[in-house]
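Descriptive analysis of the structure
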Amino acid sequence: AQAQKTDTSTITIFAAASLRNALDDAAKAYEKSSGNKIVISYAASSALAKQIEQGAPADIFISADLDWMDYVEQKSLVKNDTRFNLLGNRLVLIAPKDSSVSLKIANDFPLAAALGDNHIAMANIKAVPAGKYGHAALEKLGVWKEVEPKVAQAANVRAALALVAQGEAPLGIVYETDAAAEPKVKIVDAFPEDTHPPIIYPIAILAATKNADADKAFIDYLKTPEAQAFFTKQGFTVLK
Amino acid sequence: MTSMVPAVSVSAFQKRNGFTLDIIFESDCPLTALFGPSGSGKTSTLNMIAGVHRPDKGRVVIAGHVLTDTQAGIFVPRHRRRVGLVFQDAQLFPHFTVGQNIKFGQWFRRGEGSTLPEDAIIAVLGIGHLLKRRPATLSGGEKHRVAIARALLSSPRILLMDEPLTGLDDARRMEIMTLIERVRDEFKVPIVFVTHNTDEVRRLASRVIKIADGRVVAAGTPAEVLSP
Amino acid sequence: MTSMVPAVSVSAFQKRNGFTLDIIFESDCPLTALFGPSGSGKTSTLNMIAGVHRPDKGRVVIAGHVLTDTQAGIFVPRHRRRVGLVFQDAQLFPHFTVGQNIKFGQWFRRGEGSTLPEDAIIAVLGIGHLLKRRPATLSGGEKHRVAIARALLSSPRILLMDEPLTGLDDARRMEIMTLIERVRDEFKVPIVFVTHNTDEVRRLASRVIKIADGRVVAAGTPAEVLSP
Amino acid sequence: MFGFSPDEWTAILLSLRVATVGTLVGLPIALFLAYVLARWRFPGKVILDGILHLPLVLPPVVTGYFLLLTFGRQGPIGKEIYDLFGITFSFRWTGAALACGVMGFPLMLRAIRLSFETIDRRLETAASTLGANAWWTFTLVTLPLALPGILVGAILCFAKALGEFGATITFVSNIPGETQTIPSAIYTYTQVPGGDYQALRLAGVSIFIAMVALIVSEVLNRRIQQRIAIFE
Amino acid sequence: MFGFSPDEWTAILLSLRVATVGTLVGLPIALFLAYVLARWRFPGKVILDGILHLPLVLPPVVTGYFLLLTFGRQGPIGKEIYDLFGITFSFRWTGAALACGVMGFPLMLRAIRLSFETIDRRLETAASTLGANAWWTFTLVTLPLALPGILVGAILCFAKALGEFGATITFVSNIPGETQTIPSAIYTYTQVPGGDYQALRLAGVSIFIAMVALIVSEVLNRRIQQRIAIFE
Ligand SMILES: Nc1ncnc2c1ncn2[C@@H]1O[C@H](COP(=O)(O)OP(=O)(O)OP(=O)(O)O)[C@@H](O)[C@H]1O
Ligand SMILES: Nc1ncnc2c1ncn2[C@@H]1O[C@H](COP(=O)(O)OP(=O)(O)OP(=O)(O)O)[C@@H](O)[C@H]1O
Ligand SMILES: [Mg+2]
Ligand SMILES: [Mg+2]
């Protein structure tokens, strides 16, 4: 009887917008193999977290950082023992394709000098995970003070990427996944992992779900190599 | 009851910036003419009767119906006064055709009191060929005639006509005067008529109220008032 | 040159829906009256002269100046025609005071041609006490008088008056007629005057153009045209 | 068709529905409030006026969050409406329509009010002397004369509703088939690499719909103007 | 003061400046285009009309991205303007003003156009027979009679500019002191767990400014209405 129920159920996932390509592919493949229907609502993690708090009909939440998952968990909206870290990403320094800049990321590296009068595009350093990580990294490397007045904070990583791709900003800090797919930019260097908190996309089944078994089945699928291939293809690292 | 009180009894006092209206008159005649120089307060007086304006102090009684009485706190709303007001500047509805304009009052007052003969009115006013047109395409005199028809057909208990015959040629004026006489005599609708034309007063009115500077300066038969 | 051609020469043909205007007249007289029943095309004719409308075919010549000539492709824009048009329905600017309304044309035509005596005009029209008021607070007749003043003071090369004296009491009309005579004789401004009033025609006009149904049906001296 | 995926078609149709419903439901309310603001005098009028402008002044995200708090499942108004009419807004297309309607509302209100304020009130007086009470005067005179402004208001609201994104996604999220409108779909495309082309295509659809709406409104407007022309 | 941090004060003042400049610079352009759309007939009018509505129809992010492409440092128009006038938009408050102005522009345009379309054109005719050429007629008759609509348009644009977020942040991002307007600051707060209180306080400031602007416009409007009343 349980198997039947699983067959016909719809799983609603609230996911950070940056996951779209990979998660869509994975969901499509899973729909084919399992017969379940998967509906995914992509938005900023913050908006999704607040909607979950207000009783959104979501079964699974995938956040782009730990903070908003913590927020949801603290309100007891997460089903116990279902949370784990699904994906990771890397933070890189980028420049427009035709830029001649060459920088090696290290302590006190001459970022501010490389910028001159121009700005470095980042995602919002208080609000957006990529911005927070970038901020932490620059602090750790001891260059934040100098660079701070030259930071242009975009609404999200994609907007920061666009600023660099358009040549508005000679440098930017984005995820490797974004940089890899944009032909108009090149990666100058990657930030060492120890310069910022780990970049993690946590996933959890929500307490309000009516269909924990189906959710569980999908999450199990996400752990399979088949599903993981979709994520690695987009540049994510799969966390074990 | 109607025979006890005058057909029209108006007293209205109102101060507006520089102008003070202070009108008191009564009339039992079928047609009362308001006569007086430009700016003397004729239109204002009609507005008081029709309820377009509310006097600071005053009382309006038409055929035994108290329409306004500031002391008693009575102010019958305009749409229940059943006055047929021919505005000095026509005030046709621009979004309706001439025919619809004429039907407007007729429709709201259907079943109330006697209706005047529509065909005769349209024929005398010479607006039969205009019924499908919109007011914006009418000449000045044509607008005026439509406004007269609209008021006549709204089954009024009293007709208030503000210079209805100005801007019309003599031939047409004669015909319309005949129509007004018919409305007055045959249908027994009392009429208050504003005009500057002494011929019209002599022919139509049995009582003339002469106004100057917002006050009644003379009242009586045409012969008495217009003599000098 | 001016003596060679008539002061006013109008030929205008225009078809509009149901109405065809087909007017041809000339006049060398100081004051020409346009006379005819309501809806006959008097206002339309003035509009053609003033350039408010453009005829389908026609020619308008005022004191030797060709203002419209459809064949030659001439159409002098309204603001350079120097006509003083008294609109049938006043058309005062609602956002200006009476004084500003009057100044409007005066200001644009300052320095062009002789100006009529402002004080006399304001006194005769009896609008001196209204100068600070806005048109919305004027009575019908007051609006008309302001419109006359506005047109007179715009230094017109020709005056086009569309029923300027309707809605005014006899005393005022007499005074204004005297003023018009003065403008006509003393300042030599030719005037085209629309009216329904035969007395006005007899007193003011030396030539009458009688219009009916958009066509000139008679032209001549008042005695000739108004006889029957 | 036209190479749009089924999800995209759903979003397009949903956007149409949301914008239409949001505008049409808002219209009578806007008419009423515009009339009240144009004609009545009462204490607190400026406050009411200010409140009605809020969706314009506040960042859409704030409006959306506010809607989430009040019209959500647990929100005071949302609960009440569910109890009374059985309508839920949260995470339903109805909520998207509400959000879009709310965001477009001030635009509609203002245009209509402007029309009401510039109507020649003497015509309303004329109607009443002919026997029309306040309601009939409004219906037969005020409303038709204000039609150009009502049309402008409706088209502004509709256009705004087509483009509304911030309040909608914050209030009802971005659920394909239920609350994913064209703008939310565009947003999703812009958030990952390689989505620009699809985003632009969807924007093109929005533009197309708006163009059609505009042309229709222009044609209507020209007819209305001809009808109510106070000049020839 | 009032417990706002210096950064918040900067954002508030910047928002005021951006909204004011965006509205005032847009106003003459809106007047011109509104007149053209209301009075002239030319081929492609609907297309122009449609283009002018775009900022309303498109999600703000798309508009912002478009501004980035055209008015950015490398953008064709941005480059031109820099060469001609020495004005840069990218990452400057001028860019924020541009974005806000563009987003509010259709609202302003529509209200003004509506006013132009409902003016009694016979008054313009009267002006011209009195010797006023097209320009004077416009200045002395059309413009004053359209003032109520112009005021409504300006206030709508100003209010919209105060609340504009998506296009601004996409175009000029969010640099405290240079391009961080109130909505960007609010957005930042709403994205941080626990930032709701500060977000609300800033929203309150927006509301306050808008209220003051509204009251001023109401007072002006009442005066204008009294002046140009076509009825008593
Ligand atoms: N757009 C239009 N379509 C059809 N007929 C029109 C239009 N505009 C005006 N007319 C007609 O043209 C005729 C002439 O109008 P005009 O205003 O010139 O008359 P008029 O002689 O000035 O009359 P009045 O003495 O009543 O002012 C009228 O019969 C009028 O109905
Ligand atoms: N709001 C106002 N403020 C001051 N005076 C006003 C106002 N409204 C009207 N008046 C004045 O009231 C007087 C009477 O106006 P009313 O319209 O009754 O005159 P009338 O006798 O009908 O004149 P007409 O024959 O010219 O139509 C006029 O002198 C007018 O200027
Ligand atoms: Mg009067
Ligand atoms: Mg006429």
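Chains are numbered independently. Their residues run from 1 in the order of the written sequence. Both sets of labels track the order of writing: A upward for chains, 1 upward for ligands. Only residues with pLDDT of 70 or above have their local features reported here, since the model is predicted, and side-chain atom pairs are shown and tallied only from 80 upward, although totals for entire chains, interfaces and linings are computed over all residues. Hydrogens and waters are ignored; side-chain quantities use all the structure's heavy atoms.

**Focus on the overall build of chain A**
Filter applied, for reference: Under the DSSP-based scheme used, a helix requires at least four consecutive residues in state H or I and a strand at least two consecutive residues in state E, with every element numbered from the N terminus. The reference for a compact globule is 2.2 Å times residues^0.38; the radius of gyration itself is calculated from the C-alpha atoms. Categorising residues by exposure relies on relative accessible area from a 1.4 Å probe, with only protein chains included: less than 20% of the type maximum marks a residue as buried, more than 50% marks it as exposed, and the intermediate range marks it as partly exposed. Contacts are assigned to residue pairs that have any heavy atoms within 4.5 Å of one another. Each accessible area value is a Shrake-Rupley result obtained with a 1.4 Å probe; residue values ignore everything except the protein chains displayed when judging cover. Residues scored as charged are limited to Lys and Arg (positive) and Asp and Glu (negative), so that His and the chain ends carry no count. Working definition for charges: the position is that of NZ of Lys, CZ of Arg, CG of Asp or CD of Glu.
Secondary structure assignment for chain A yields 11 helices and 11 strands. In terms of C-alpha radius of gyration, chain A reaches 19 Å, essentially the compact-globule figure of 18 Å for 240 residues. Here the C-alpha coordinates of chain A stretch approximately 65 × 35 × 30 Å along the principal axes. Across the 240 residues of chain A, 59% fall into the buried class. When contacts within chain A are restricted to residue pairs at least 6 apart in sequence, those whose partners lie at least 24 apart make up 76%. Of the roughly 9500 Å² that chain A leaves accessible, carbon and sulfur atoms contribute 51%. When the 25 basic and 28 acidic side-chain charges of chain A are each reduced to a single mean position, those positions are 3 Å apart.

**Brief notes about the coordination of the magnesium ion (ligand 3)**
Residue and element names in this part refer to chain B. How we decide: Donor selection uses N, O and S atoms within 2.8 Å of the metal (3.2 Å for Na, K and Ca). Since no water is included, sites may look incomplete.
Summarising the metal site, the magnesium ion (ligand 3) is bound by the protein donors T43 (OG1) and Q88 (OE1), whose distances to it range over 1.9 to 2.2 Å. Here T43 is found in helix α1 (residues 42-50), whereas its partner Q88 is found in the loop between β7 (83-86) and α2 (98-108), with 45 residues between them in sequence. The exposure class of T43 is partly exposed, given its relative accessible area of 26%.

**A few points about the environment of I87 of chain E**
All names here are of chain E. Note that I87 resides in the loop between α4 (76-85) and α5 (93-118). In this structure the C-alpha to C-alpha distance between I87 and T118, which are 31 residues apart in sequence, comes to 38 Å. Once residues lying within four places of it in the same chain are set aside, the contact partners of I87 are I81, Y82 and T94.

**As for the sheet that holds strand β11 (residues 237-238) of chain A**
All names here are of chain A. Here is the rule we go by: Should DSSP find at least two bridges between two strands, the strands are regarded as paired. The axes used here are C-alpha line fits, helices contributing only the stretch in contact, and every angle between their N-to-C directions lies in the interval 0 to 180 degrees.
Taken in spatial order, the six strands make up an open sheet running β2-β1-β3-β10-β4-β11, and their pairing is mixed. The strands lining the two open edges of the sheet, one partner per strand, are β2 (37-43) and β11. Pairing between strand β3 (residues 60-62) and strand β10 (residues 200-205): three bridges, direction antiparallel. Note on β10: the bridge partner recorded for I62 is I203. Against the sheet, helix α10 (residues 212-222) engages β1 (10-16), β2, β3, β4 (84-88) and β10, with an angle of about 150° to β10.

**Examining the packing of helix α1 (residues 6-39) of chain E against α5 of chain E**
Residue and element names in this part refer to chain E. Here is the rule: Roughly parallel here means an angle under 35 degrees, roughly antiparallel means over 145, roughly perpendicular means 65 to 115, and every remaining angle is called oblique. Each crossing gets its handedness from the near helix: less than a right angle anticlockwise from the far helix is left-handed, clockwise is right-handed. Residues are sorted three ways: Asp, Glu, Lys and Arg are charged, Ala, Val, Leu, Ile, Met, Phe, Trp, Tyr, Cys and Pro are nonpolar, and all the rest, Gly among them, are polar.
α5 packs onto α1 with a crossing angle of 40° between their chain directions and a minimal axis gap of 6 Å. Overall, the two elements α1 and α5 adopt an arrangement that is oblique. As for how α1 packs across α5, the hand of that crossing is right-handed. Residues of the contact of α1 with α5, tallied by class, amount to 21 nonpolar, four polar and four charged.

**Observations regarding the site of ligand 1**
The criterion, for reference: A single heavy atom is enough: if one lies within 4 Å of a molecule or strand, its residue is considered near that molecule or strand. Pairs of N or O atoms within 3.5 Å make up the polar contacts considered here, provided that, within protein, one atom can donate a hydrogen while the other can accept it, and that residues adjacent in sequence are counted only when both atoms are side-chain atoms.
Surveying the vicinity of ligand 1 reveals 20 residues, the closest of which are R133, S139 and G141 of chain B together with T43 and S44 of chain C. What surrounds ligand 1 is not a single chain but chains B, C and D. Within the contact set of ligand 1, an oxygen atom lies 2.5 Å away from a side-chain nitrogen or oxygen of S44 of chain C. A distance of 3.2 Å separates an oxygen atom of ligand 1 from a polar atom in the side chain of H196 of chain C. Relative to its unbound accessible area of 640 Å², ligand 1 is 94% covered by the protein chains. For the shell around ligand 1, the class distribution of residues is one nonpolar, 13 polar and six charged.

**Focus: the confidence of the model for chain A**
Rules: Scored from 0 to 100, pLDDT reflects the predictor's confidence in each residue.
Averaged over chain A, the pLDDT score is 89; the fraction of residues at 70 or greater is 97%. Summarising per-element confidence for chain A, the mean pLDDT is lowest in helix α1 (residues 2-8) of chain A (44) and highest in β3 of chain A (95).

**Overview of the site of ligand 2**
In the vicinity of ligand 2 there are 20 residues, among which T43 and S44 of chain B together with R133, S139 and G141 of chain C approach most closely. Nearby residues around ligand 2 are contributed by chains B, C and E. A distance of 3.4 Å is found between a nitrogen atom of ligand 2 and a side-chain nitrogen or oxygen belonging to N17 of chain B. A distance of 2.7 Å separates an oxygen atom of ligand 2 from a polar atom in the backbone of G39 of chain B. In isolation ligand 2 exposes 650 Å². Once the protein is present, 94% of that is buried. Those elements giving two or more residues to the shell around ligand 2 turn out to be α1 of chain B together with α4 (140-152) of chain C. Taken together, the residues of the shell around ligand 2 break down into one nonpolar, 13 polar and six charged.

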